[in-house]
Amino acid sequence: MKTTTPAVMRQKWWTAWMYLAPALALLIIFVLFPTLRTVYLSLRSSDTTQWASEQCRAGETCWGLLENYRQALTTDQATTALQNTALWLVVMVPGTVILGLLFAVLTDRVRYESLAKSIIFAPMAISFVGASIIWRFVYNPDPDIGSLNALLGVIGIGPQTWLATDPPFNSMLLIVVGMWVWTGFTMTIISAALKGIPTEIIEASRVDGANEWQVFTHVMLPQLVPTLAVVGTTMTINTLKIFDIVWVMKGIKTDVLATRMISELYLFRNNGLSAALAVILIILIIPVMYYNIRQFNIQEAAR
Amino acid sequence: MTKRLVVLVLVFALSAAGLSAVSPRAAAQDAIECYGSEGSEVSVLSVWAGEEENTFKAVLAPVLEACEITLNHEGTRDLNTVLDSRVQGNQPPDIASMPNPGALTVYADKLVSLDELNVHAENYVQGWKDLGSVDGVWVGLPIKTDIKSLVWYSPLAFEAAGYTVPTTWDEMIALMDQMVADGDVPPLSMGFESGGATGWTATDFVQDILIRTAGVEATNGLVDGTTAWDDPAVVAGWELYASWVENYGGGADAAITTSFGDAILLPFQDPPAAWMVKQSGFAGSAFVAPNFPDYIYGEDFAFFVLPSADGAAVPMQVGGDFIGAFNNTPAVQAILGYLSSAAGAAAWAASGFDLTPNSAVTPDAYGDNPISADKAAALGAAPDVTFDVGDLLPAGLGQAEFDGITAVVGGSTTAADALADIQARMTEALGM
Amino acid sequence: MNRVLRERLISIINRIPLHVAVIGLCLIWILPTLGLLITSFRPQQAVNETGWWEVVKSQEPTSTAYQTYCTDCHGANLSAVPSIDLGASDVVSGFTNTRRLAVTFNREYNGAVHIPEDQRPDDESLREILDYLRIESGAIKMPPRFTVNNYKDVMVGYDARGGTYDQACEEEGPTPTRSCDFWEDATRSDAIFKGVLNSFAVSIPSTILPILLAGFAAYAFAWLDFRGRKVMFALLVGLQIVPLQMTLVPVFRLYADLGLNGSFLGVWLFHTGFGLPYAIYLMRNFIAGLPREIVESAYLDGAGHWRVFRVIIMPLALPAIAALSIFQFMWVWNDLLVALIFLGNKAPVLTYQLSQLMDSLGGGWHRMTAAAFISMAIPLAVFLLFQRYFVRGLLSGSVKG
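As the structure is a computational prediction, the values presented were derived from the model and not from experiment.

A. Seen up close, the overall build of chain C. The number of helices and strands found in chain C is 20 helices and 2 strands. The globule rule puts the C-alpha radius of gyration for 401 residues at 21 Å, and the 32 Å found for chain C is more than 25% above it. Along the first, second and third principal axes, the C-alpha atoms of chain C reach 110 × 80 × 40 Å. Out of the 401 residues in chain C, the part that is buried amounts to 54%. Counting contacts in chain C only where the partners sit at least 6 residues apart, residues at least 24 apart contribute 71% of the total. The average position of the 32 basic charges and that of the 33 acidic charges among the side chains of chain C differ by 18 Å.

B. View of the state of the cysteines. What the rule picks out here adds up to 2 disulfides over all chains. With its sulfur 2.0 Å from that of its partner, Cys34(B) forms a disulfide with Cys67(B). Between Cys34(B) and Cys67(B), the S-S dihedral sits near -85°, and the bridge is therefore left-handed. In this pair, Cys34(B) is assigned in the loop between helix H2 (14-20) and strand E1 (41-46) and Cys67(B) in helix H3 (residues 50-67), connecting sequence segments 33 residues apart. Like Cys67(B), Cys34(B) is buried. Sulfur-sulfur distance for the disulfide between Cys169(C) and Cys180(C) comes to 2.1 Å. A torsion of -95° about the S-S bond marks the disulfide between Cys169(C) and Cys180(C) as left-handed. Here Cys169(C), found in helix H9 (residues 165-171), pairs with Cys180(C), found in the loop between H9 and helix H10 (182-187); they are 11 residues apart in sequence, far enough to count as distant. According to the relative accessible area criterion, Cys169(C) is buried, its value standing at 17%. Here Cys73(C) is not disulfide-linked; the sulfur of Cys70(C) is the nearest cysteine sulfur, at 8.4 Å.

C. Geometry of the interface of chain B and chain C. Contacts between the two partners involve 47 residues from chain B and, on the opposite side, 41 residues from chain C. Between chain B and chain C, the buried area comes to about 3,900 Å², and carbon and sulfur atoms account for 49% of it. Of all residues in chain B, Glu51(B), Arg77(B) and Asp270(B) bury the most surface against chain C, accounting for 16% of the area lost on that side. Joining chain B to chain C, the criterion identifies 4 salt bridges. Glu159(B) is paired through a salt bridge with Arg107(C); the nearest N and O atoms lie 3.1 Å apart. One can count 13 residue pairs in polar contact (both at pLDDT 80 or more) joining chain B with chain C. Of all the secondary structure elements, the ones that give two or more residues to the side of chain B that touches chain C are H3, strand E2 (70-75), helix H4 (79-88), helix H7 (155-161), helix H13 (260-265) and helix H14 (282-291) of chain B. Counting residues per element, the side of chain B that touches chain C draws most heavily on H14(B), which supplies 6 residues. Tallied by class, the residues present in the side of chain B that touches chain C amount to 19 nonpolar, 15 polar and 13 charged.

D. Molecular detail of the sheet that holds strand E8 (residues 276-278) of chain B. Residue and element names in this part refer to chain B. Across the sheet, which stays open at both edges, the 3 strands sit in the order E8-E7-E9 with antiparallel pairing between neighbours. Only two strands of the sheet have a single partner each, and these edge strands are E8 and strand E9 (302-305). Along the sheet, successive strands turn relative to each other by an average axial angle of 30°, direction set aside. The pairing of strand E7 (residues 150-153) with E9 spans 4 bridges and is antiparallel. Its bridge partner lying in E9, Tyr153 is registered against Ala302.

E. Just the pattern of salt bridges, in detail. Applying the stated criterion across every chain yields a total of 30 salt bridges over all chains. The closest approach of N and O atoms between Glu67(A) and Arg70(A), which form a salt bridge, is 2.9 Å. Of the two residues, Glu67(A) and Arg70(A) are both situated in helix H2 (residues 67-74); the distance of 3 residues between them amounts to about one turn of the helix. Arg70(A) gets classed as buried once you look at its relative accessible area, which sits at 19%. Linking Asp131(C) and Arg127(C) is a salt bridge whose minimum nitrogen-to-oxygen distance equals 3.4 Å.

F. Summary view of the domain arrangement of chain C. All names here are of chain C. The domain architecture assigned to chain C consists of domain 1 (2-40), domain 2 (64-136) and domain 3 (192-389). Summed over both sides, the interface between domain 1 and domain 3 buries roughly 430 Å², with carbon and sulfur atoms accounting for 88% of that surface. Residue composition of the side of domain 1 that touches domain 3, grouped by class: 2 nonpolar, 3 polar and no charged.

G. Structural context of the side chain of Gln245(C). Checked against the element boundaries, Gln245(C) lands in helix H13 (residues 244-258). Owing to a relative accessible area of 16%, Gln245(C) belongs among the buried residues under this scheme. Among all residues touching Gln245(C), those that are not within four sequence positions of it are Met261(A), Ile262(A), Leu265(A), Tyr266(A) and Leu337(C).

H. How the structure looks around the packing of aromatic side chains. Residues and elements named next belong to chain B. Taken as a whole and assessed by the stated rule, the structure comprises 72 aromatic pairs over all chains. Between the aromatic rings of Trp200 and Phe282, the centroid separation amounts to 6.3 Å while the plane-to-plane angle is 40°, which identifies the pairing as tilted. With Trp200 in helix H9 (residues 200-213) and Phe282 in helix H14, the pair connects residues that are 82 residues apart, well separated along the chain. The exposure classification of Trp200 matches that of Phe282, with both residues buried.

I. Structural detail: the environment of Asn292(A). Residue and element names in this part refer to chain A. Structurally, Asn292 can be placed in helix H13 (residues 286-302). Classification of Asn292 as buried rests on a relative accessible area of 4%. Residues Asn292 and Ala229, spaced 63 residues apart in sequence, show a C-alpha to C-alpha distance of 8.2 Å. A polar side-chain atom of Asn292 sits 2.9 Å from the main-chain carbonyl oxygen of Val288.

Rules behind the numbers
Residues numbered from 1 in each chain as written. Chains lettered and ligands numbered in written order. Predicted model: local features only at pLDDT ≥ 70, side-chain atom pairs only at ≥ 80, totals over all residues. Heavy atoms only, no water. Helix = DSSP H or I, 4+ residues; strand = E, 2+ residues; numbered from the N terminus. Rg over C-alpha atoms; globule rule 2.2 N^0.38 Å. Buried < 20%, exposed > 50% of the residue type's maximum accessible area, 1.4 Å probe, protein only. Contact = heavy atoms within 4.5 Å. Lys, Arg positive; Asp, Glu negative; His and termini not counted. Charge placed at Lys NZ, Arg CZ, Asp CG, Glu CD. Disulfide = S-S within 2.5 Å. Buried area = accessible area lost by both parts, 1.4 Å probe. Salt bridge = Lys/Arg side-chain N within 4 Å of Asp/Glu carboxyl O. Polar contact = N/O pair within 3.5 Å; in protein donor to acceptor, adjacent residues only side chain to side chain. Nonpolar A, V, L, I, M, F, W, Y, C, P; charged D, E, K, R; others polar. Pairing = 2+ DSSP bridges. Axes fitted to C-alpha atoms, helices over the stretch in contact; angles between N-to-C directions. Domains from an automatic or database assignment. Phe/Tyr/Trp six-rings, centres within 6.5 Å; stacked < 30°, edge-to-face > 60°.

Below is the structure:
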């Protein structure tokens, strides 16, 4: 069996735990413990004073202890939130990864790289609330205020009330904002990895007569695959958690899981249901966890 | 839930008690009581930031100075989140503002009874005390109130166009039809977007319609279930509102996406983009005046009360903020004692920060502020008040009402369906 | 010589599509931000009335409408009617908006309606007349297109709904909380300056600490053997999804017992704990990708784990550390919720102070846009500073090409 550690690097059994201990301690206190509490709360009533099953009423559908999950998964609102979350995942994750890769590769070849990258990164620095303000100006129905309507006015299209358009188009408009913000993130990580590809390899293939496209597909891309997997994983998580943009811009039926969770927590005061939604988010991440374990194994085997 | 039932007795004579029955005691400023709080600190958490925070601090200044109390005030729009964490974490602020009576219910068991805090109970009419009580314990001091049944307009624009202020429901409809016929600017500015709370200005408007079409008793009955939410009269009220949005308010799309703040300004832009806007009293002082510094109240902007069917005065819709105490300290007693006193009432009135529910206020206390004075007079002219229904509903139902009206206006559901859904939630919440 | 020139020319031409693509994408990206930037430099009223792209439009008032409707009586010099001298600034300054002008048309002067109903100017002409009169009579000066007042207001924390800091100082003068000396006001204890310092005090340790701890942990995950590695790694991926809001209450309770609420330490630890899953995940993936040969040869030279970690792994992980630093710093810098709950006004950070500029009704876009730019400056500077560490060739020479 192949181990991670080079054979020559002997270690005592506690060496690894020395390196892990500080991080683990904080993780347990700040993340793991609250998560377990959330799981517990998801089985409790809205004010957490009794078990969820005690809220069941005779003659009505009830999932007993999992009653909060029934409400989180089967109501109309739930379907809307799940559909929108799926739409966000399908569009935003590939969208930001591809755009980020494109920017990282393109800007790598120009002398004003630093400036160009700052421009793409800037939306991240503005913060989500700031970004939402900007785009509220863009989508404003009044052509004197909304720049998108003003722009369309120039080519003769009348003003549209963008955020009131029918689902799923209105969610797409919000996803555009999300991509505008998060592409700076994917670009930065991918760019860091791109710089890590040894120059010799790239130069060698150029000398061998490969054109730029071939250099990209045959040399850079294979080297970037681990990073793209990391970025894809992170973006999946970030997309599942997307909240501010939807919350601040608000349209008809644009709710996603995270906004539903916050509504239930602070507006509807339903702690149990809110916790159930949080647990659903965690469950949705399991396929991603599985994928990462596979990557982990592949990576180890390759060394 | 019992508190919600008490609220049914909303027919309290605030107008009479608040303005005509002025106690002579108010004239003589009562001395500020410190209860031995000298040199102590007090923490206050509220929704008031920016200029509102400055105003609130200015109102408190006399008591803080007299008792040498250090105020540690935090104003945040994320009040729910912050207050929730602090209360659940057992480190609540000494005093917290509650934007509606519903919040009092949530923290009822953590709040100190006002009877233990040397509050001047005699300065509050029973109706306000009931609103601030949970299970018979008075925990919320009504601190600020605003009247909601107002229509803001520009008297000069009306004069220039030859319009007159309507005095009956029919005149109101006729005026709006006339405005539609005269030009392309909609009669009403009905934008009600407000982020996560989108829908609240719409439900305020609907309540005023219901008071005038279904009657005040039926409207108040929505709070405790004596009026069903899917009652035909309520459905008709919602449908009427949605039809006004279409016919008089520039259409559903614009209403849903225009923020309520922008909507307030539209009738006062130059040239105007609408004729009128139905909005609470804060619209004039917090939006029109600061955005148009050279406008004169009474000429460039003013309000009238949404007329009733026969033109007679009908109950005024009001909203209110409460403050509650989580700790019983001398400083808390000094501050609540002061705010509930005649001097506190006068200071609040003079600040121009909406109106005070404290009945020790004198009419001339608003003297320097014509908008507040007129609002106080309008409140005094109403035979009765009725509280914002959305703020009195059990937790979450107010939000359901917001979401419901937004969906109805947006056309994604019908008024009958949306209201049947709210009724079902209501039945569940009331445990019926 | 000629050939070299030709090749250079060809290479330049070949690169044109590249430049078009980069510049085009950058333009699309910057356009919304540009709107925000321009808005932040416009006066409050202009922000409310017109879109930011209209700043380039001419503001020069035209006399056409005046000539059509008014010249016959008031004359080309505005002063033909002595009782209402439209050339006098004190007469015209009363007309603060077009409605005030419009109402005079209904009224009777010398027994006749001012302007008969069918001859009155429409809204647009009315606006034109008013603008012309106001400028010509000297009632108002041309309103500035751009102003720095929004930034000044934000810097000194001036939050009154109408007006500006400059106006208030001119009209009301100094107050106990306002000296009207700009730099003095901007640097006093509750102004933005202090918020920036507090934000640094929160952000710097909250960036270094998680990256340091994540470095240790990532080294263990990548190069050491221990039981449960895979399960724990999978958990790290999963824990990234945990919503912040779910952790606030339990952590606040814990802090209440430990007395950590309102302390910087509490905020540092919270951000560290919450930032760790992602930091470890990213670092482990980067470190595990480093060539095995480097580590092995170092160990053969007699280096221990600690030395390998410090001397080889950390320097080689510099690009990953730089990227993480950028994001961790930015998230902490832009955070409002955690600062609000665990610090509050005990040590107000920048985001907290900026949020104070907006009142509960949400007024003040003009200042909000300026505030957004002020708060954005620091993360952008950090980005520029750290992206220099995304350097090519760190691994060069260590592997055979």
